[in-house]
Amino acid sequence: MLTYLIDIAFILVMAATAWMVARQTLLESVVAWLAVLLSALIALCCFEPIADFIIRQMFAPSDLRFTCFLWFFTLVFLFVWLLVMLSIGFLKAMHGATFNFGKADQAGRWFFGLLTGYTLAAFMLTSLHTLPAPREFWGALQPELPLRSNPLMRVGPDYQMLTVAEYALSPRSAWSGTPWTIRGPLPEARLEGNRWSSFPVRYALWREAIELYREEYAPRSGEELKAGTNPNSNFALIRDRRNLR
């Protein structure tokens, strides 16, 4: 049952958002989708340097029990703040504008309602990767797409969101897409280079490092953590796993 909980939650978020957006005008529905999409892309682009700055400047290495949640909360806070600001800006810009789309109005409102719901749910699914949960989320969300058994997660909405982020935010040709390919981001062991293609595996390794720290290092003194075993800053725990067990 746990395997399908994320699928059910995804559908509920998508359906609730679609219903709320479809109640607006067609123009407002388009604006809602654009606000959600832009907020998600900007938040994904900016949350890592902001969270890293907060962790390094405002917390000690021994505060890992708190700082391991900052990646997720920074991402969500940025998204919500940007969504509110963009929505207010868009609504003010089109204040008083009226358009008559005739028979296409209702179909268009539901189309952009569903698109907004899917985009929002895909972003929320992507943000789950930054939570300090078990590496495979108790079997409900495998980082590797081919290993997922739940039907909706096998489609990879989080991979689709990262594919859009890779195309929109990576420095490459917007016309040819070179060297971007339609396959989108793939989990791989390479942690350097393209940040979007390595996003799922980077945070899978980070969650594994958090788990290993809790098992092996939490009972010890803070000296070893200061020596470079902080999972927030590197993957030394994964590298030294064989020596620990």
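Structure: see above.
Nothing here was measured: the structure is a model prediction, and the numbers come from that model.

Take the nonpolar core next. By size, the foremost hydrophobic cluster in this structure holds 28 residues, and its most contacted members are Ala 43, Leu 44, Phe 47, Trp 71, Phe 79 and Phe 123. Elements with a contribution of two residues or more to this core: helix H2 (26–58), helix H4 (70–93), helix H5 (104–128), helix H7 (157–169) and helix H8 (199–217). Formed by nine residues, the second largest nonpolar core is a distinct cluster that contains Ile 6, Phe 10, Ala 133 and Phe 137.

As a further point, take the pattern of salt bridges. The tally for this structure, following the rule as stated, stands at four salt bridges. Note that Glu 48 and Arg 202 form a salt bridge whose closest N and O atoms lie 3.0 Å from each other. One end of the pair, Glu 48, is in helix H2; the other, Arg 202, is in helix H8, and 154 residues separate them in sequence. Residue class for Glu 48 comes out buried when judged on its relative accessible area of 13%. Notably, a salt bridge pairs Asp 52 with Arg 56, separated by 3.0 Å at the nearest N-O pair.

An ideal rise of 1.5 Å per residue puts 18 Å on 13 residues; H7 measures up with 18 Å between its terminal C-alpha atoms. Buried within H7 are the following residues: Pro 157, Asp 158, Tyr 159, Met 161, Leu 162, Thr 163, Ala 165 and Glu 166.

Right, let's get into a nonpolar patch on the surface. Side chains of Phe 77, Val 80, Trp 81, Val 84, Met 85 and Ile 88 sit close together on the surface and give an oily, nonpolar patch of about 580 Å² of accessible area. Position of Ile 88 among the secondary structure elements: in helix H4.

As a packed pair, H2 and H5 sit with axes 8 Å apart at the nearest point and diverge in direction by 15°. The orientation of H2 relative to H5 falls into the category roughly parallel. Relative to H5, H2 is oriented so that their crossing is left-handed. For the pair formed by H2 and H5, the contact residues are Leu 26, Ser 29, Val 30, Ala 32, Trp 33, Val 36, Leu 37, Ala 40, Ala 43 and Leu 44 on the first element and Ala 104, Asp 105, Gly 108, Arg 109, Phe 112, Leu 115, Thr 116, Thr 119, Leu 120, Phe 123 and Thr 126 on the second.

A separate point is the packing of aromatic side chains. Remark: the centre distance and the inter-plane angle together describe each pair of aromatic rings, the angle taken between the planes. Enumeration according to the criterion identifies eight aromatic pairs in this entry. Between Phe 199 and Tyr 203, the ring centres sit 4.8 Å apart and the planes meet at 45°, which makes this aromatic pair tilted. One end of the pair is Phe 199 and the other is Tyr 203, both in helix H8 and four residues apart, which spans about a single turn. Given a relative accessible area of 5%, Tyr 203 falls into the buried group.

Scoring rules and cut-offs
Residues numbered from 1 in each chain as written. Predicted model: local features only at pLDDT ≥ 70, side-chain atom pairs only at ≥ 80, totals over all residues. Heavy atoms only, no water. Core = buried A, V, L, I, M, F, W, Y, C linked by side-chain atoms within 4.5 Å. Buried < 20%, exposed > 50% of the residue type's maximum accessible area, 1.4 Å probe, protein only. Helix = DSSP H or I, 4+ residues; strand = E, 2+ residues; numbered from the N terminus. Salt bridge = Lys/Arg side-chain N within 4 Å of Asp/Glu carboxyl O. Expected span 1.5 Å × (residues − 1). Patch = residues over 30% accessible without salt bridge, like charges linked within 9 Å, V, L, I, M, F, W, Y side chains within 5 Å. Areas by Shrake-Rupley, 256 points an atom, 1.4 Å probe, with all protein chains shown as cover. Axes fitted to C-alpha atoms, helices over the stretch in contact; angles between N-to-C directions. Parallel < 35°, antiparallel > 145°, perpendicular 65-115°, else oblique. Left-handed = near helix turned anticlockwise from the far one by under 90°. Contact = heavy atoms within 4.5 Å. Phe/Tyr/Trp six-rings, centres within 6.5 Å; stacked < 30°, edge-to-face > 60°.

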